[in-house]
Amino acid sequence: MTDWGFYWDLIAHISQVGLVFIRAYFLCRFVNPFLSHGEGRRYKLFWENGKHSLYMLLPGISYAVVLLFCAFCSQEVNVVLVYVVSTIAAFVVTWLIDRRNAEQKIFLALTFYLLQWITWGITLVPWRGVYDFLLFTSGRQNNYLIQFVLYVVMELFNLVLHCLSLALGVRMIHKEYHCKRENMTKRELALMSAPFFSVAAGQGIFYFAVDAYEKDTGQYIWNHYSAYTLLQAVFMLISFGAMLTVIASYQRIRSSQRKEKEDAVLAGQIEEMKRHISEVEKLYLDIRSLKHDMGNHIMTLEKLCETNKEAGAYITQLKEQVSGAMPETASGNPVTDVILREKQKEAEEKKITFTHRFHFPEETDLSAFDVSVILNNALNNAMEAAGECENPYISLSSCRRKNAYMIEIRNSVVQRRSIDEESGLPLTTKEGADHGFGLVNIRKVAQKYYGDIIIEQSENEFSLVVMLMV
């Protein structure tokens, strides 16, 4: 005689293990975009060819280990407590991998805990509907083989439903959560976590209703009230919608604040450059005027000193010094001349090889202030990155093809920079709210002239190309 109970229990355990690994997999997918993958840390470990860091798997592994241990534990353990402990374990490991932004890690833990509970409640409706139809239709109750086969099919269907619902949930959260690498404050964490407590209270009420009904009647509430499962699923959908709404609202606020900060930084840079450039242009005019007058005086003195060789030699030396004190404009614009001379001097002090073939486009509506924003931000970033290399260099060039004006900056780097998936720009390695606006402001200037920027990287070189339509 076939021991059907054994096989049913076996399939139930296999399904349970499969569900654990599915959730562990989507946990890894959920947290991965928020992690820095240990860049710059002494325990960085990568697979070959730039594949995912091995550390990406650790949160999912810790989550699965806790769940499997509790699932096969001989003592009965509260289900809610098991999922709470497993989620905490996963996100403690996440924090150990990337010890920045602890508030965000807490929020991610709360979100994933809700997500796995919400997807369970939503998938229960189609699963139970198909299950009841297949297993309890007339004529099949006494055929154990058919019931067992259908049970296996339904467990596979359950795993597929969880895969689809978790994939959709993770994707929607990632889509709404744009600023994944930005720090979250404690006040923002408190605001973002408010829906969690209301949803958790609802979860507790549903569990209480199930336990109370089972204790009073000895049966499950959904076997007598089919609307219970549907009502629970509706609550789950509302909860997920509330969670997404809070995330979307938070991201809109952060995006608005970031835009205001970027505009303020850019406006401050332009105003500061305007004052600086105005003073430099005035100084240029004074020095050029003085140079012109000094040239006339020297010519007069040369005539007077033709008979005195020592005086003639002295006047010749003075003439050379005056000629070299104010070289002619090399880039086609005094503003860019000043910037290039300052950067050349800074590069020499830092022992960085700085070469340039830059020329300001003539007879265009291109503002020298806008070009100064591009050059200052780009060359500042290049100086900082190249200064960490053994053989540092920076190369600046420009060219014009009809209406397209291109500026290219290449510099040596120690390692490749990580790129933000949303903006397409390298992630800043500096701490603080006033950093990370350089490339953003460069892109804004480029878009002002209906252009954009292109970033290319190799293991030892970073390249920035700025295209402007002039």
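Parameters and conventions
Residues numbered from 1 in each chain as written. Predicted model: local features only at pLDDT ≥ 70, side-chain atom pairs only at ≥ 80, totals over all residues. Heavy atoms only, no water. Helix = DSSP H or I, 4+ residues; strand = E, 2+ residues; numbered from the N terminus. Buried < 20%, exposed > 50% of the residue type's maximum accessible area, 1.4 Å probe, protein only. Contact = heavy atoms within 4.5 Å. Pairing = 2+ DSSP bridges. Axes fitted to C-alpha atoms, helices over the stretch in contact; angles between N-to-C directions. Patch = residues over 30% accessible without salt bridge, like charges linked within 9 Å, V, L, I, M, F, W, Y side chains within 5 Å. Areas by Shrake-Rupley, 256 points an atom, 1.4 Å probe, with all protein chains shown as cover. Salt bridge = Lys/Arg side-chain N within 4 Å of Asp/Glu carboxyl O. Phe/Tyr/Trp six-rings, centres within 6.5 Å; stacked < 30°, edge-to-face > 60°.

A.B. asks: Honestly, the environment of Met154 in this entry has me stumped. Any pointers?
C.D. replies: Its place among the elements puts Met154 in helix 5 (residues 144-176). Overall, the relative accessible area of 1% leaves Met154 in the buried class. Separated by 24 residues in the primary sequence, Met154 and Val130 place their C-alpha atoms 8.0 Å from one another. With residues up to four places along the chain from it excluded, the contact list for Met154 reads Trp127, Val130, Tyr131 and Leu134.

A.B. asks: Just checking my understanding: could you explain the sheet that holds strand 3 (residues 404-412) for this structure?
C.D. replies: Strand pairing in a sheet relies on backbone hydrogen bonds, with the paired strands running either antiparallel or parallel. As summarised here, the arrangement of the five strands in space is 1-2-3-5-4, forming an open sheet in which the pairing is mixed. The open sheet has two edge strands with one neighbour each: strand 1 (353-357) and strand 4 (452-457). When the angles between neighbouring strand axes are averaged without regard to direction, this sheet yields 10 degrees. Two elements, strand 4 and strand 5 (residues 461-469), share six bridges in a ladder whose sense is antiparallel. From the neighbouring strand, Gln457 faces strand 5, where its bridge partner is Phe462. Against the sheet, helix 11 (residues 334-349) contacts strand 1 and strand 2 (393-401), and its axis sits at roughly 155 degrees relative to strand 1. Its contacts with the sheet put helix 13 (residues 438-448) on strand 4 and strand 5, and the angle it makes with strand 4 is roughly 135 degrees.

A.B. asks: Would you mind going over a nonpolar patch on the surface with me for this structure?
C.D. replies: On the surface, a nonpolar cluster with roughly 380 Å² of combined accessible area is contributed by Phe6, Tyr7, Leu10 and Ile14. Mapped onto the elements, Ile14 comes out in helix 1 (residues 4-31).

A.B. asks: What should I look at first to understand the packing of aromatic side chains in this one?
C.D. replies: Between two aromatic rings, the relevant description is the distance of the centres plus the angle of the planes. Overall, the coordinates contain eight aromatic pairs when judged by the stated rule. Considering the side-chain rings of Phe30 and Phe34, the 6.1 Å spacing of their centres and the 55 degrees angle between planes classify their relative orientation as tilted. One exposure class covers both Phe30 and Phe34, and it is buried. Aromatic side chains Tyr177 and Tyr250 sit 6.2 Å apart centroid to centroid with 70 degrees between the ring planes, which places their arrangement in the edge-to-face category. Of the two residues, Tyr177 is situated in the loop between helix 5 and helix 6 (186-192) and Tyr250 in helix 9 (residues 227-304); the sequence distance between them amounts to 73 residues. Assigned by exposure class, Tyr177 and Tyr250 land together as buried.

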